[in-house]
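Tertiary structure, described
Okay, here's what each chain looks like letter by letter:
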Amino acid sequence: PCPPPLPEGLGNNANSWGALETGPGFVFREHAVDGVVSSLGGKALRDLCARARPDGFAAGSAVATAAPGLPFETLVHAVAPFWESPSWRADLLRAYAAAFALSAGRDVATPLLG
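Anyway, here's the lowdown on the structure attached to this text. Owing to the predicted nature of the structure, the values given are computational and were not obtained by experimental measurement. (Residues numbered from 1 in each chain as written. Predicted model: local features only at pLDDT ≥ 70, side-chain atom pairs only at ≥ 80, totals over all residues. Heavy atoms only, no water.)

Describing the overall build of the protein
Each helix and strand in the protein was counted, giving 2 helices and 2 strands. Reading the protein from its N end, one meets helices and strands in the order α-β-β-α. Of all 114 residues assigned to the protein, the portion counted as buried reaches 27%. For the protein, the share of sequence-separated contacts (at least 6 apart) that also reach a separation of at least 24 residues comes to 33%. Accessible area of the protein: about 7500 Å², with a carbon and sulfur share of 61%. (Helix = DSSP H or I, 4+ residues; strand = E, 2+ residues; numbered from the N terminus. Buried < 20%, exposed > 50% of the residue type's maximum accessible area, 1.4 Å probe, protein only. Contact = heavy atoms within 4.5 Å. Areas by Shrake-Rupley, 256 points an atom, 1.4 Å probe, with all protein chains shown as cover.)

Here's what the structure looks like:
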C-alpha cells in the first residue's frame, strides 16, 4: 500500500533517495522527520547545511546548525549509513556518537537513525 497523499506544499518525491528509501510500500521523504524539518527550515536551513559541510555529509558524521523556521535553537544533523554498506554498524554508531557529542548539555529529542 502507498501512503496517503502529501499535505499541500510538501512536494511529491516518491521514487528517489533522500534521507530514506521511498517507493511502493515506503513512506514519502516529506512524511519522515528529515523531510518535515527540511520543509520547515527551507532555504535558510539548506544554506546553513551547505556552509557547514561544503563537500557534503558522509555516513557517520554529524553537524550542528541553527534551526530556522523551527521552535528550537539548534538542530543536529546526523547521517545514517545506507543499510547495504559493509560498514553500516560502525557508521551508525559513529552517527549517534557524533550527534550526542554535539548535543552535550542540551535537551535532546531524536528520531531513530538508519
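Right, picking up where we left off after that structure.
Brief notes about the pattern of salt bridges
Across all of its chains, the model carries 2 salt bridges by this definition. Among the salt bridges present, the one from Lys43 reaches Asp47, with a minimum N-O distance of 2.7 Å. Highlighted residues: Lys43 and Asp47, both in helix H1 (residues 33–52), separated by 4 residues, approximately one helical turn. Among the residues examined, Asp47 registers a relative accessible area of 28% and is labelled partly exposed. One salt bridge in this structure joins Arg94 and Asp91, with 2.7 Å as the shortest N-O distance. Placement of both Arg94 and Asp91 in helix H2 (residues 88–102) is noted, with a separation of 3 residues, approximately one turn of the helix. (Salt bridge = Lys/Arg side-chain N within 4 Å of Asp/Glu carboxyl O.)

Thoughts on the side chain of Thr65
By secondary structure assignment, the location of Thr65 is in strand E1 (residues 62–66). Of note is the side chain of Thr65, whose polar atom sits 2.8 Å from the side chain of His77. In this view, Thr65 contacts Leu45, Leu48, Cys49, Ala52, Glu73, Thr74, Leu75 and His77; residues no more than four positions away in its chain are not counted. (Polar contact = N/O pair within 3.5 Å; in protein donor to acceptor, adjacent residues only side chain to side chain.)

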